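Notes for the structure review
What follows is each chain in one-letter form.
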Amino acid sequence: IVNRHLCRRVCQSIMTPEEIFYRRNLPHWHPKDRIFFITFRLANSLPKAILQKLRNERQKKQTSIESLATKNEQQRELYRLNKEYFGKYDTWLDRCLEGSPRWLGQESIARIVADEIHKMDEERYRLLVYCFMPNHVHLLFDATGFSQSSPTNLAGTTREYPLADTLRLLKGRTARWCNQALKRSGSFWHHESYDHVVRDEQELGRIIQYILYNPVKAGLVEEWTEWPFTYLAPGWGEW
């Protein structure tokens, strides 16, 4: 049961142009003072043929949505489309564990990522939940009150978007340190991340359960508490 007192701030909003951050021409909605569900994956963790198939399917549906009469209708349907295709990508990530990088399944590598996520807790967000699968990360945090970008990022594209700046720092630092630990070079994370604004208490509960039970769904453990790379903040419910 989600602690409703702690998530009382979550409510529905309408996108504004000032809150939309573009990376590689894809829009990401980054309003201030909200709870975010983030997923990012290892580089080369999905076959190119699968990625192209999913992109083509999504683009066809998006083109149809863009022909709707009103902006509100378009936003509502794009929101549903993003959720639908996140589910498809995540399912393929679980299916493609064999034959793709699985570095996050190594305790030493997972610890590097976990330490940096915890380091940013109460500095750039309030950490709620995370789960590391062998080839991707699910992360849930509350960004309320944490609106400052890095003081060293004076001219970068993420300067005006605190969430994007947080992910830039998190992925950049961990990529460097993980590559050093693995004695390798090249891309560690895929350049894109999935970010989703939590809209209400019911959705928050579903997302927490989704994150915790991802290893169970993938057949890696029978109970979510058995998975060593999962964190649930104190006071955020019993599952």
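Each remark here, short or long, concerns the structure printed above.
Below, the structure is looked at part by part. (Residues numbered from 1 in each chain as written. Predicted model: local features only at pLDDT ≥ 70, side-chain atom pairs only at ≥ 80, totals over all residues. Heavy atoms only, no water.)

Let us now look at the sheet that holds strand β6 (residues 189-197). Strands pair in a sheet through their backbones, by hydrogen bonds, and they do so in one of two ways: parallel or antiparallel. Strand order in this open sheet of 5 strands is β6-β3-β5-β4-β7, and the pairing throughout is antiparallel. Because the sheet does not close on itself, it has two edges, and the strands there are β6 and β7 (230-232). Adjacent strand axes in the sheet meet at a mean angle of 15° when their direction is disregarded. As judged from the 3 bridges shared by strand β4 (residues 126-133) and β7, these two strands associate in the antiparallel manner. Directly across from Val129, in β7, lies its bridge partner Leu232. (Pairing = 2+ DSSP bridges. Helix = DSSP H or I, 4+ residues; strand = E, 2+ residues; numbered from the N terminus. Axes fitted to C-alpha atoms, helices over the stretch in contact; angles between N-to-C directions.)

On to helix α3 (residues 107-119), then. Since the α-helix packs 3.6 residues into each turn, any two residues three or four apart lie on the same face. In a regular helix each residue adds 1.5 Å, so 13 residues correspond to 18 Å; α3 covers 18 Å between its end C-alpha atoms and thus fits that length. Buried residues of α3: Ile109, Ala110, Val113, Ala114, Glu116 and Ile117, and no others. Seen from one end, α3 has its buried residues packed into an arc of 165°, which puts them on one side. Those residues of α3 that are buried lie in contact with β4, β5 (136-142), α4 (162-182) and β6. (Expected span 1.5 Å × (residues − 1). Buried < 20%, exposed > 50% of the residue type's maximum accessible area, 1.4 Å probe, protein only. Arc of directions from axis to C-beta. Contact = heavy atoms within 4.5 Å.)

On to the packing of helix α2 (residues 71-95) against helix α5 (residues 201-217), then. At a closest axis distance of 12 Å, the pairing of α2 and α5 adopts a crossing angle of 15°. As far as their axial angle goes, α5 and α2 are roughly parallel. As α2 runs across α5, the sense of the crossing is right-handed. Here Tyr79, Lys83, Phe86, Asp90 and Asp94 of α2 come into contact with α5, specifically with Glu203, Tyr210, Asn214 and Lys217. Tallied by class, the residues present in the contact of α2 with α5 amount to 3 nonpolar, 1 polar and 5 charged. (Parallel < 35°, antiparallel > 145°, perpendicular 65-115°, else oblique. Left-handed = near helix turned anticlockwise from the far one by under 90°. Nonpolar A, V, L, I, M, F, W, Y, C, P; charged D, E, K, R; others polar.)

For β4, a buried count of 7 out of 8 residues is recorded, marking the element as mostly surrounded by other parts of the structure. In the sheet, β4 pairs with β5 via 7 bridges, with the strands oriented antiparallel. Looking across to β5, one finds that Leu127 is bridged to Phe141. The antiparallel pairing of β4 with β5 creates a hairpin that spans 2 residues between the two strands.

With that out of the way, let us pick up the nonpolar core. Core analysis: the largest hydrophobic core is formed by 51 residues, its most contacted members being Ile117, Phe132, Leu139, Leu140 and Trp189. Contributions of two or more residues to this core are made by β3 (35-42), α3, β4, β5, α4, β6 and α5. By residue number, the principal contributor to this core is β4, which donates 7 residues. Beyond its immediate stretch of four places on either side in the chain, Leu140 contacts Ile35, Phe36, Phe37, Leu127, Leu128, Val129, Val198, Leu204, Ile207, Ile208 and Ile211. Within the second largest apolar cluster, 9 residues are counted, among which are Leu46, Ile65, Leu81 and Tyr85. (Core = buried A, V, L, I, M, F, W, Y, C linked by side-chain atoms within 4.5 Å.)

The analysis is restricted to geometry; functional conclusions fall outside its scope.
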